[in-house]
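A closer look at the structure
Spelled out from the first residue to the last, the chains are:
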Amino acid sequence: MNKARHRDHASCPAASYELSGSDSGQRSRKAIWRACQVPILAGMGTWILLSMPMAHAQEINRPQIEQIIREYILQNPEIVEEALRELQSRAEEADAKARSAVIATEQQALLQSEGDIVLGNPDGDVTLVEFFDFNCGYCKRAAPDLDTLISNDPKLRVVLKDFPILGEQSVAAAKIGLAVKRLEGDAAAGEFHKRLIASQGRADGPRALDLVQELGIDRQRVEAEAASKEVEAIIGSNLALARRLGLTGTPTFIVGDQVIEGAVGEGPLKEAIQTVRQ
């Protein structure tokens, strides 16, 4: 599964390794090979020299080594992709360990921030955190899955973290939602969230304020609160936390020490929750 197709990004990652049979995958393989051929060839050359008797090693010069390596790769081209897959696997494993370490040290910010909306059971035995953007199409797709999980799991606690990465309109909408939370509490903020995330079209400040009015909440009070330093600080804290976690897209879910990127569906989220409970 290509996770990038199931979430929206603040920016493109520095490197994207696509090893499928697509045109983009072929271009990526060529780029990766150009970037990696020097260290790969150097490593193979070192291995060949170390595996040979010293007398023979001294007799072989650089052109001969390069020719041996070239012939071996041409005869066994699959080793290049095998090496790159292993490299990617190790990088992903290292990233996962680093994220787990950050999650362990950021429990208070992740789970108990006063600015976040809490849905489901506030005293639940497992907490699922979602970083979202009101203008993220994949967040909209994931919203019904979240509703189903909450309905079917009375012990589940859900924390919604505003992560407005898709422009100033997203920031404005997020500020309105956070103002509703601060003034009216989780119930009202939860209803606001469900209605706005399910709406069609672009979410922005005026549209979010129209929804506030539809819900019977004082529009002027919310607008004033949305402009406060406190609301600005909540968004800043969420963005900083996301950076420390290495998050680049929405939706991103965190449960236990697991990070799940994209609109993956109800099943994988349910499995992750069950894993924490085991």
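All figures in this text were calculated on a predicted structure; none of them were measured in a lab. (Residues numbered from 1 in each chain as written. Predicted model: local features only at pLDDT ≥ 70, side-chain atom pairs only at ≥ 80, totals over all residues. Heavy atoms only, no water.)

In contact at an axis separation of 9 Å, helix α9 (residues 205–214) and helix α10 (residues 219–226) are set at 140° when each is read in the N-to-C sense. Judged on the interaxial angle alone, α10 and α9 are oblique. The hand of the α9/α10 crossing is right-handed. Side by side, α9 and α10 meet where Pro206, Leu209, Asp210, Val212 and Gln213 of the first sit next to Arg219, Val222 and Glu223 of the second. Grouping the constituent residues of the contact of α9 with α10 by class yields four nonpolar, one polar and three charged. (Axes fitted to C-alpha atoms, helices over the stretch in contact; angles between N-to-C directions. Helix = DSSP H or I, 4+ residues; strand = E, 2+ residues; numbered from the N terminus. Parallel < 35°, antiparallel > 145°, perpendicular 65-115°, else oblique. Left-handed = near helix turned anticlockwise from the far one by under 90°. Contact = heavy atoms within 4.5 Å. Nonpolar A, V, L, I, M, F, W, Y, C, P; charged D, E, K, R; others polar.)

Strand β4 (residues 156–162) sits mainly inside the fold: seven of its seven residues count as buried. Along β4, one buried face is formed by Leu156, Val158, Leu160 and Asp162 and the opposite face, lined by Arg157, Val159 and Lys161, is buried too. Bridging between strand β2 (residues 117–120) and β4 involves four bridges; their strand directions are antiparallel. Counted as the bridge partner of Gly120 is Arg157 from β4. Sheet topology note: the strand β3 (residues 126–132)/β4 ladder contains seven bridges and is parallel. Looking at β4, one finds that Glu130 is bridged to Leu160. A crossover links β3 with its parallel partner β4, the connecting element being helix α6 (residues 137–152), and its sense is right-handed. (Buried < 20%, exposed > 50% of the residue type's maximum accessible area, 1.4 Å probe, protein only. Pairing = 2+ DSSP bridges. Right-handed = clockwise from strand over helix to strand, strands pointing away.)

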